[in-house]
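Coordinate inspection notes
Residue-level listing of the chains:
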Amino acid sequence: MEAFPYFFGLAAAFSIFSFGLLYRKVWMWYLGWIVFYLMASYFGTFFVTALFEATNPAQEASAFVYLAGGFLCWLPLVVWWANHRSSFGIRDDRPKSLAGD
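Residues numbered from 1 in each chain as written. Predicted model: local features only at pLDDT ≥ 70, side-chain atom pairs only at ≥ 80, totals over all residues. Heavy atoms only, no water.

**Remarks on a nonpolar patch on the surface**
Together, L10, F14, I16, F17, F19, L22, Y23, V26, W27 and Y30 make up a nonpolar patch on the protein surface, roughly 1,000 Å² of accessible area in all. Along the polypeptide, F17 turns up in helix α1 (residues 4–22). (Patch = residues over 30% accessible without salt bridge, like charges linked within 9 Å, V, L, I, M, F, W, Y side chains within 5 Å. Areas by Shrake-Rupley, 256 points an atom, 1.4 Å probe, with all protein chains shown as cover. Salt bridge = Lys/Arg side-chain N within 4 Å of Asp/Glu carboxyl O. Helix = DSSP H or I, 4+ residues; strand = E, 2+ residues; numbered from the N terminus.)

**Here we look at the packing of aromatic side chains**
Tallied over the full model, the rule gives 14 aromatic pairs. A ring pair is formed by F71 and W74, whose centres lie 6.4 Å apart and whose planes are at 50 degrees; its orientation type is tilted. Here W74 and F71 lie together in helix α3 (residues 57–83), a separation of three residues that amounts to about one turn. W74 sits in the buried class, given a relative accessible area of 18%. Within the aromatic cluster, the residues linked to one another by ring pairs are W29, Y30, W33, F36, W80, W81 and F88. Residue placement shows R24 over the ring face of F88; its charged tip is 5.2 Å from the ring centre. (Phe/Tyr/Trp six-rings, centres within 6.5 Å; stacked < 30°, edge-to-face > 60°. Buried < 20%, exposed > 50% of the residue type's maximum accessible area, 1.4 Å probe, protein only. Lys NZ or Arg CZ within 6 Å of the ring centre and 35° of its normal.)

**Re the environment of N56**
You can see N56 is positioned in the loop between α2 (26–53) and α3. Side-chain polar atoms of N56 contact the backbone nitrogen of Q59, separated by 2.9 Å. (Polar contact = N/O pair within 3.5 Å; in protein donor to acceptor, adjacent residues only side chain to side chain.)

This is the structure in structure tokens:
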């Protein structure tokens, strides 16, 4: 029973996120940027920690390899997300009539 608030909170958060993605609300696109920011900070903490603790050039190179691996995962997702801004928000797909109804 100690984990019930966490399960309830996750269920509520995922319900809100699924609503946002289903109806393509514009706030969901901006929330996606927050998620990508948090992903970048997660990768960055390991890079900075490994770079700070490095005692020789091999460990520094390993930290930069980890950073490059993070970019390989993160950067294509961010580029894809940035190019899909037009999918979110109010869309009027009705054809425009010439009579100006």
